[in-house]
Amino acid sequence: ADLSGTADLSGTADLSGTADLSGTADLSGTENQSGTADLSGTADLSGTADLSGTADLSGTADLSGTENQSGTADLSGTENQSKPENQSKPENQAGTQNQAGTQNQAGPADDKRSQPAPGCDRNGSLVLFYGARCVARCEYCCQPAELLGNASLGPELAIRLIREAHALGRIGLVGITGGEPWLYRDELLEVLEATGSLGLQIRIVTSASWATSPERAMEELGLFARLGLTQLSVSTDPTHQRYVPRERAEHALGAALALGLRTEVAAVFLQKGAVLDEVVTLPEGVHRVVRLAAPVGRAKSLGITPETYDLQLQGRRFGPCGEPGERDITVFPDGEAYPCCSGLYAVEAGLSLGNVRRDSLAVLYSRMLSHGLSEVAHRMGWDAFYELTAHRFPALGARLPQREPLVSNCDVCVALGASPSLLEELQPALDYALSLADTVEALQKEREARIAAEASGAGASKVGIP
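Residues numbered from 1 in each chain as written. Predicted model: local features only at pLDDT ≥ 70, side-chain atom pairs only at ≥ 80, totals over all residues. Heavy atoms only, no water.

Some words on the environment of Val331
Here is step 1 of the chain: Relative to the helices and strands, Val331 is located in strand E8 (residues 327–331).
Here is step 2 of the chain: Each C-alpha atom, one on Val331 and one on Tyr130, is 8.1 Å from the other, the two residues being 201 residues apart in sequence. (Helix = DSSP H or I, 4+ residues; strand = E, 2+ residues; numbered from the N terminus.)

Written out as structure tokens, the structure is:
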């Protein structure tokens, strides 16, 4: 988009970090065929497509790498704040919600294993849903074994995918989840032995049913750590503890910390206001991820609605999924790949990118980055998309599913993806939204380059914006 002389953003658009377009960019123009949005129209979208708002549920149903996690609602800020040093932002990482993760959450800075692989911007995650066998039968599970069978990826395929992830140069973290990954213990040791030296972060999500004593936990995790494991996420909450005693989770957490692993506890609750410290004793240094169950998988029978958690549509409930720039691709036991880590939500929304037994990870990753529905969810969020569509394509805006009865971003994806005909009609709106997101990101980069040039004494660089 040629913006010179049209949209003067100096002193108005705050592009530092979030790209607030309210009151600045004019979006009513025609679409530029070069692939970006023409912002030179006449109508002012002030107060409509504000992309800087935060969402109560932004990045909520991110289950990448989390075991049995169906959670969606971000509870950070509602959980006990008495130990803020143990609180970590809920991650949108591969694996847990951000459980598989963002490598900037990985361990102490002086631990070489906590650093991303050199040479690339590796902010992506590969989540391997290794197999559905499990020691528990959680009532909120988003990926229950009875719907997925006993298939598993197997060590040969897992090794191939991790090697391809390293070669791709975009992925810094591999999350291994289930089911219970430790039911495939010997296979995972084979996988780690073949790939642990690549320099990627490797996280396993587990219920810790195997950690029968502190000594057993240390012995087992020590073996995995020597082969390349860098992170451990332990799932424990009242539901998990019906099957796995809390003491075993505590054994695993303590051993992981002692070994220098980036250590996390992930819990899912069925009501607001639950306090994690009341159900598990956590040592200093454990990252916390607390979520509310979402109406997917087994939890569909629980009758969860926005009223269950007193969720209000006001306040941008459906903001962008995950942190800016972070993306994860999830592979199910049958080989199907999906552009997010939301468990069966991704299946219900029809988001499959293809199968790793037919296509390379590079091909599937490329498809993910051009997947309109997923890209809008990650880069803009559904609140902004709804507002933009209502303004720019009013007839399409009137056909969008109502958001009021929906709990999370994942529910919006399912509502849209379940209707192929509606999705086809929405393609112009999705394309326009992404062209706008491209423009915003280009403006951010230009602004950052100008600031950097001025700071270095090079003077103001020539840019397309006054």
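Next comes the rest of the write-up.
Description of the state of the cysteines
Here is step 1 of the chain: Applying the stated rule across the entire model yields zero disulfides.
Here is step 2 of the chain: Cys142 takes part in no disulfide bond, and the closest cysteine sulfur to it belongs to Cys141, at a distance of 5.5 Å.
Here is step 3 of the chain: No disulfide involves Cys413; its sulfur sits 6.2 Å from that of Cys321, the nearest cysteine.
Here is step 4 of the chain: Accessibility expressed as a relative area gives 10% for Cys413, which makes it buried. (Disulfide = S-S within 2.5 Å. Buried < 20%, exposed > 50% of the residue type's maximum accessible area, 1.4 Å probe, protein only.)

Re the pattern of salt bridges
Here is step 1 of the chain: For the structure shown, the criterion picks out 18 salt bridges.
Here is step 2 of the chain: One salt bridge in this structure joins Arg288 and Asp277, with 2.8 Å as the shortest N-O distance. Of this pair, Arg288 sits in strand E7 (residues 287–292) while Asp277 is found in the loop between strand E6 (262–269) and E7, placing the two residues 11 residues apart along the sequence.
Here is step 3 of the chain: Arg288 sits in the buried class, given a relative accessible area of 2%. (Salt bridge = Lys/Arg side-chain N within 4 Å of Asp/Glu carboxyl O.)

Focus on the environment of Leu192
Here is step 1 of the chain: Mapped onto the secondary structure, Leu192 falls in helix H3 (residues 185–195).
Here is step 2 of the chain: Separated by 33 residues in sequence, Leu192 and Ala225 place their C-alpha atoms 9.2 Å apart.
Here is step 3 of the chain: When sequence neighbours within four positions are dropped, the list of residues in contact with Leu192 reads Ile202, Phe224, Leu227, Gly228 and Leu229. (Contact = heavy atoms within 4.5 Å.)

Details of helix H11 (residues 409–417)
Here is step 1 of the chain: Of all nine residues in H11, eight are buried, a share of seventy percent or more.
Here is step 2 of the chain: Contacts made by the buried residues of H11 are with helix H6 (344–348), helix H8 (372–379), helix H9 (382–392) and helix H12 (420–425).

Details of helix H2 (residues 155–168)
Here is step 1 of the chain: When the terminal C-alpha atoms of H2 are compared, their 20 Å separation across 14 residues agrees well with the 20 Å that a helix rising 1.5 Å per residue should span.
Here is step 2 of the chain: Inspection of H2 places Pro155, Leu157, Ala158, Ile159, Leu161, Ile162 and Ala165 among the buried residues, and these make up the whole buried set.
Here is step 3 of the chain: Just past H2, the residue Gly169 takes up positive phi, approximately 80°. (Expected span 1.5 Å × (residues − 1).)

Quick word on the pairing of E8
Here is step 1 of the chain: In terms of residue burial, E8 counts as a mostly covered element, since five of its five residues are buried.
Here is step 2 of the chain: Side chains Arg327, Ile329 and Val331 of E8 all project onto a buried face; the interleaved residues Asp328 and Thr330 project onto the opposite face, where all are buried too.
Here is step 3 of the chain: As paired elements, strand E2 (residues 124–129) and E8 share five bridges and run parallel to each other. Following the sheet pairing, Val127 is matched in E8 by Thr330.
Here is step 4 of the chain: Where E8 and strand E9 (residues 336–338) come together, two bridges link them in antiparallel fashion. Residue pairing for E9: Thr330 is matched across the bridge by Tyr338.
Here is step 5 of the chain: In textbook terms, the turn of a hairpin is the stretch between consecutive antiparallel strands, and for E8 and E9 this stretch comprises four residues, one of which, Gly335, has a positive phi near 95°. (Pairing = 2+ DSSP bridges.)

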